[in-house]
Every structure is written in structure tokens, then in C-alpha cells.
Amino acid sequence: MTAYSSSFHAIEWRGESLHLLDQRVLPHTHQVLDYTTAAEVADAIREMVVRGAPAIGISAAYGYALDALAGRDLDQAYKVLAESRPTAVNLFWALERMAALGTGDPHALVAEARAIHEEDLQANLAMGQYGASLLGENCRIYTHCNTGALATGGHGTALGIIRTAMADGKLEQVYAGETRPWLQGARLTAWELMQDQIPVKLACDGAAAQLFRSGAVDWVIVGADRITANGDVANKIGTYSLAVLARHHGVKFMVAAPTTTFDLTLENGQAIPIEQRPGNEVTSLNGQPVAPEGCEAINPAFDMTPAELIDAIVTEKGYVLMPDRESIAALVNL
Ligand code: MRU
């Protein structure tokens, strides 16, 4: 097991409760909230206290264990957690793994949740090595949303590759897209990278095309919420536009995700459920209206990037270039 240290914990199990760093108020407010039931954890996931596919799965596992500790109905715990957010498959994977233990023994279930948490961290450290090995010297990377220690068990997926590339002396510059409407890039990714002294420049989402055309970016690296059997990828809204732009400008496009993010039961990305969130997340910013009163908005939280636009998918087991059904199956089943 590789040692790891971080100045904060997004998810922390403390005795008999779950502590989550409230990601809605970062970076200016550091607030830790305490949870003791699965229903409360489901609300925290839905309301974005904790977000990011692996972090959602880990939190759900602890939420399930919380109801076991209190002797509550575990079928109901499963149901309430499964209804929190629909797109990230890590949520359903983690709940299945907890339920598959076939026990209500709280000690066994807490131990399983802890194992899911630790395994995700170790997967990210391995993914960091595989992903960084694909990068050239003085690499300039554009990333989207937040895929760091906040979104995972630690280190991060796309951000883990960026951290490893920095440690390997290969990184020249990171551009973080701000990621409207929740601003995960501005509030979370810029914060994480600045704490690690990793050179980051924040860009508004609309700046990507101009940056790519000017030759300022070598690789786009993003995470994933669900990857289907053919290599299609659901990720934060705006990812698909970045992939189209990258291909047009000859910029390479990499997706980083643990194998817990793969859903081989789905043939392709058309079948991925895309979460639709409330319109007021678009019409307001920090509770302040930015659109006329009564303005309607659409707010899909994710989009789907087809496999043909992806140059590399990196996991803890290795990577595939130009992913397709055969190479994905071979990698995930390794
Ligand atoms: O809505 P969010 O913030 O949960 O969306 C997160 C993303 O889309 C991430 O890119 C993805 O979960 C990968 S996180 C390692």
C-alpha cells in the first residue's frame, strides 16, 4: 500500500459518524458536517456537499454502514441512497458491494466501506503513474470540473495524473475550466492545485477553443461518471464540447477513471441516465439572480462523449489508446 498525505479530508469516518467537508462553500469557508443516517448522507450527495463519482460511491457505502450501526432497515438505506443521483455508476457499484456482503453486522459493513475508500485512493495512485507515462515533457494540460482529492478517496483521477506529472517534473501548466454552473473548476480544482503549488490558470469555459487554437494545450484530461462497454464516457456537462474542440485542433484527449466507473452492462453512452438539475442553479450564482425573474433554464449535469473522440482511457489497471469494445473488455477484466 502506498502512503498518502493531504491537508484536508473530503470524507472521514470518525467512530460512529461520517464527516464530510462541505464542497458547496469551498474555497472560502471550511465547514465539516456530521452525518449519522443513510437518509442524511443521500441528501448530502443530492445537495452537492460531497460530489465526484468515486466520492459519491464511498459516501454511500458509509451511509449504508451508518444505518447498520443504528439497526435500521438496510433495504431502505440502499433505496434512499440509490435515489440520490443517477449518473455516476460508482454509487450503484458501492451499494451493490455493501449489500452483497449479505449481513447486517455493522462492524463488517464499516470495514467494507473503509476498504472501498482505501482501494479508491490506491487506484488513483496507480492511475497517476499510468496517465503521467503518456505525457511528454513540459506538458500543458486543460482539465474540467474537479477530479481531485475532493472528488475521490484521495489524489484524484485526472487531477491525480496532473499531481503525478508534477512530481515527475513533466508539467508546465494546468488550465482549469471554471465549470458552470457549480464552478467546481474555479472553487475546487484551482484551490487543490494552488495548495500543492501546481501552476494553474483559471479559464472561463468559453475560452477553451481559443486556447486550443493558439497551441497552448497538449492534453485535455478529464474524469468520468460512467463509461460504457464501447468506451463512451459520461462526465460533467461541457466535457463533450472539449472533446470536439480537442479533436478539431489536434489536442489529445484523455479520460481517467477507476474500473469502478465502468458499466459494461450498457452497450453505449446513449443508455446512460443524465441527471437534470434545477434550473435555478443556472439562473443564479451564489443565491444571486443572474437572469431575468421567471427565466426558464435547462440544466443537464452531465453529457456523453463518444469513444471515437477519446485518445486514451486510463484506469488503475493500465490504459487503452483509441478505446473500443474489445480493448475496454480486455482492460476491465484484467
Ligand atoms: O456534479 P459533480 O461535481 O459530481 O460532477 C463530477 C464530475 O463530473 C467529475 O468529473 C467525475 O465525477 C469524475 S471525479 C473523479
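The paragraphs below set out a description of the structure included in this document. (Residues numbered from 1 in each chain as written. Predicted model: local features only at pLDDT ≥ 70, side-chain atom pairs only at ≥ 80, totals over all residues. Heavy atoms only, no water.)

**Brief notes about the nonpolar core**
Of all hydrophobic cores here, the largest spans 42 residues; its most connected members are Ile-11, Leu-18 and Leu-81. Elements represented by at least two residues in this core include exactly strand S1 (11-14), strand S2 (17-21), helix H1 (38-46), helix H2 (53-69), helix H3 (74-82), helix H4 (89-100), helix H5 (106-133) and helix H7 (184-195). Per element, the largest residue contribution to this core is 10 residues, and it comes from H2. Two domains each provide a minimum of three residues to this core, namely domain 1 (11-123) and domain 2 (128-332). (Core = buried A, V, L, I, M, F, W, Y, C linked by side-chain atoms within 4.5 Å. Buried < 20%, exposed > 50% of the residue type's maximum accessible area, 1.4 Å probe, protein only. Helix = DSSP H or I, 4+ residues; strand = E, 2+ residues; numbered from the N terminus. Domains from an automatic or database assignment.)

**Overview of the environment of Ser-6**
By the element assignment, Ser-6 lies in the segment before S1. With a relative accessible area of 30%, Ser-6 lands in the partly exposed category. For Ser-6 and Gly-128, which are 122 residues apart along the polypeptide, the C-alpha to C-alpha distance reads 16 Å. Reaching out from Ser-6, the side chain makes a polar contact with the backbone oxygen of Phe-8 at a distance of 3.1 Å. (Polar contact = N/O pair within 3.5 Å; in protein donor to acceptor, adjacent residues only side chain to side chain.)

**Comments concerning the sheet that holds strand S8 (residues 226-228)**
Pairing within the open sheet is mixed, and its four strands lie in the order S11-S8-S9-S14. Two strands bound the open sheet, and with one partner strand each, they are strand S11 (262-263) and strand S14 (302-305). Bridge count between strand S9 (residues 233-236) and S14: four bridges; the pairing is antiparallel. Following the sheet pairing, Val-233 is matched in S14 by Thr-305. Those strands touched by helix H9 (residues 239-249) are S9 and S14, and its axis lies near 35° from that of S14. (Pairing = 2+ DSSP bridges. Contact = heavy atoms within 4.5 Å. Axes fitted to C-alpha atoms, helices over the stretch in contact; angles between N-to-C directions.)

**Structural notes on a nonpolar patch on the surface**
Judged by side-chain polarity, Tyr-130, Tyr-319, Leu-321 and Met-322 come together as a nonpolar surface patch covering roughly 390 Å² of accessible area. Mapping Met-322 onto the fold places it in the loop between strand S16 (318-321) and helix H11 (325-332). (Patch = residues over 30% accessible without salt bridge, like charges linked within 9 Å, V, L, I, M, F, W, Y side chains within 5 Å. Areas by Shrake-Rupley, 256 points an atom, 1.4 Å probe, with all protein chains shown as cover. Salt bridge = Lys/Arg side-chain N within 4 Å of Asp/Glu carboxyl O.)

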